[in-house]
Amino acid sequence: MQISAVRSSANLPRPTVPAQSAPPVDLTQLAVAQTNAKMTASAGAALAQVTGELTGTLVNISV
């Protein structure tokens, strides 16, 4: 006697898809924010350098 089991794909659980995925990251905004932060840091360092030269103090602004 031979017994065979037949599996139906209709009975298998299907993967659930989340209703809402994370929003895409805007890389342009990230790049602008990084550039602005670098420019602010550079401007601050340059201002410190000029102020230091006027007062006779040396400030290292190498990046």
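Residues numbered from 1 in each chain as written. Predicted model: local features only at pLDDT ≥ 70, side-chain atom pairs only at ≥ 80, totals over all residues. Heavy atoms only, no water.

K.L.:
What is the right way to look at the overall build of the chain in this model?
P.N.:
When helices and strands are tallied, the chain shows one helix and zero strands. Carbon and sulfur atoms provide 62% of the accessible area of the chain, an area that totals close to 6300 Å². (Helix = DSSP H or I, 4+ residues; strand = E, 2+ residues; numbered from the N terminus. Areas by Shrake-Rupley, 256 points an atom, 1.4 Å probe, with all protein chains shown as cover.)

K.L.:
What am I meant to see in helix α1 (residues 27–55) here?
P.N.:
Along an α-helix, residues three or four apart share an orientation, since each turn contains 3.6 residues. The first and last C-alpha atoms of α1 sit 42 Å apart over 29 residues, in line with the 42 Å expected at 1.5 Å per residue. Capping of α1 at its N-terminal end is provided by aspartate 26; its side-chain oxygen lies 3.2 Å from the backbone amide nitrogen of threonine 28. Just downstream of α1, glycine 56 is the residue with a positive phi angle, here 90 degrees. (Expected span 1.5 Å × (residues − 1). Polar contact = N/O pair within 3.5 Å; in protein donor to acceptor, adjacent residues only side chain to side chain.)

K.L.:
Is there a simple way to think about a nonpolar patch on the surface in this case?
P.N.:
On the surface, a nonpolar cluster with roughly 320 Å² of combined accessible area is contributed by Val25, Leu27 and Leu30. Within the secondary structure, leucine 27 sits in helix α1. A relative accessible area of 59% means that leucine 27 is categorised as exposed. (Patch = residues over 30% accessible without salt bridge, like charges linked within 9 Å, V, L, I, M, F, W, Y side chains within 5 Å. Salt bridge = Lys/Arg side-chain N within 4 Å of Asp/Glu carboxyl O. Buried < 20%, exposed > 50% of the residue type's maximum accessible area, 1.4 Å probe, protein only.)

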